[in-house]
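Reading the structure
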Protein chains: 2
Amino acid sequence: MPEALVQAAFELASLGPTSANCEPLRLVLVRCPQAKERLLSCVSSGNYEKVRTAPITAIVAYDREFFELLPRLYPHSDARGWFTTDPALAEETALRNSSLQGAYLILALRAQGLDCGPMSGFDAAKVDAAFFPGGRWGTNFLLNIGYGDRDRLHPRLPRFAFDEVARWE
Amino acid sequence: MPEALVQAAFELASLGPTSANCEPLRLVLVRCPQAKERLLSCVSSGNYEKVRTAPITAIVAYDREFFELLPRLYPHSDARGWFTTDPALAEETALRNSSLQGAYLILALRAQGLDCGPMSGFDAAKVDAAFFPGGRWGTNFLLNIGYGDRDRLHPRLPRFAFDEVARWE
């Protein structure tokens, strides 16, 4: 698993937009056996083998205090104050925008020729305790990265048609 | 503004993964003057002109009761029960996954040659009241869609380097 491909995907994904350029995404790329064991103890039984066999499992996380970096990331306005006074807005903004960035990363990894599978089937509080003891970073989702075996894929599940979930006004 | 391009982008974005294939994204594509007026009354002053001049502004929303569709979308398991018993998990799942889908849509629109700009600078409660009186759909973010004037773009804001926000373990 070439690390350079993962870093190239990150750099491509970084170009995607976030609200006030807040970029709350943080990543831990788990590949060594000891770290993988710590992560496996937090994963649901149905996802255990997926994480165990992935060359890399990314913990797609966010910085709860992302707004402290806004004077650098969004220098033309005092956006920091929007969040220091409203912790619920800060948490929602971190979740929304790290999810956007996580989606950019999924597509960028695939654009690099890698396969990846995101997962929500794990105990986020346990991952936080195992990897982010300070409490500043929080786990959003896990992302297995590698080269998949296409012979073992399930068929694609159904998708909504446009008219079922979208309307013009 | 060809509607077919927007629908093609939606169909491309639909292929992206969501947790348990839950697909909570819902879209209202605002283009008629009356609907645009309703939306403009909910937007912050700094974003007013962006919404006013966009040929289409999409309300990127989510279905709070997305789980009612899981027997169709994820038929091999009873995933509905994961959410009916845990409203906070349902809300977080809707926000996370509609954000992923919103990011797929941003990139799909751009892949279709359109320009688009997502925005969080608006009053979500007012948009919900104006467009989703039933309370089942909630607004995630707004997305202006059209063809931008490149001469009037601001320079790209700074991005984090890989080593600043990611680590190998």
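Up top is the structure these notes are about.
Report follows, based on the coordinates. Here the structure is a predicted model, which means the values were calculated and not measured.

Here is what the cut-offs are and how they apply
- Residues numbered from 1 in each chain as written.
- Chains lettered and ligands numbered in written order.
- Predicted model: local features only at pLDDT ≥ 70, side-chain atom pairs only at ≥ 80, totals over all residues.
- Heavy atoms only, no water.
- Buried < 20%, exposed > 50% of the residue type's maximum accessible area, 1.4 Å probe, protein only.
- Helix = DSSP H or I, 4+ residues; strand = E, 2+ residues; numbered from the N terminus.
- Pairing = 2+ DSSP bridges.
- Contact = heavy atoms within 4.5 Å.
- Buried area = accessible area lost by both parts, 1.4 Å probe.
- Salt bridge = Lys/Arg side-chain N within 4 Å of Asp/Glu carboxyl O.
- Polar contact = N/O pair within 3.5 Å; in protein donor to acceptor, adjacent residues only side chain to side chain.
- Nonpolar A, V, L, I, M, F, W, Y, C, P; charged D, E, K, R; others polar.

Notes on the pairing of strand β4 (residues 137-146) of chain B
All names here are of chain B. Among the 10 residues of β4, 10 are classified as buried, and the element is accordingly described as predominantly covered. With 8 bridges connecting them, strand β2 (residues 56-63) and β4 associate as antiparallel partners. When the sheet's bridge partners are listed, Y62 is paired in β4 with G138. As judged from the 5 bridges shared by strand β3 (residues 115-119) and β4, these two strands associate in the antiparallel manner. Pairing of G117 across the sheet is with N144, part of β4.

Quick look at the interface of chain A and chain B
Frequently, the measure chosen for interface size is the accessible area that the parts lose on association. Counting residues at the interface gives 60 residues for chain A and 60 residues for chain B. In total, about 5500 Å² of surface goes out of reach between chain A and chain B, with carbon and sulfur atoms giving 63% of it. Area buried by chain A at its contact with chain B is led by F160, W168 and E169 of chain A, which between them contribute 16% of it. Taken together, chain A and chain B are joined by 4 salt bridges. With a closest N to O distance of 2.5 Å, E169 of chain B and R38 of chain A form a salt bridge. Along the contact surface separating chain A from chain B lie 32 residue pairs in polar contact (both at pLDDT 80 or more). Of all the elements in the fold, those that place two or more residues in the side of chain A that touches chain B are α1 (3-13), β1 (25-30), α2 (33-40), α4 (70-73), α6 (87-111), β4 (137-146), α8 (162-165) and β5 (166-168) of chain A. With 11 residues, the single largest contributor to the side of chain A that touches chain B is α6 of chain A. Of the residues contributing to the side of chain A that touches chain B, the split by class is 35 nonpolar, 10 polar and 15 charged. Direction of pairing for β1 of chain A relative to strand β5 (residues 166-168) of chain B: parallel, over a ladder of 3 bridges.

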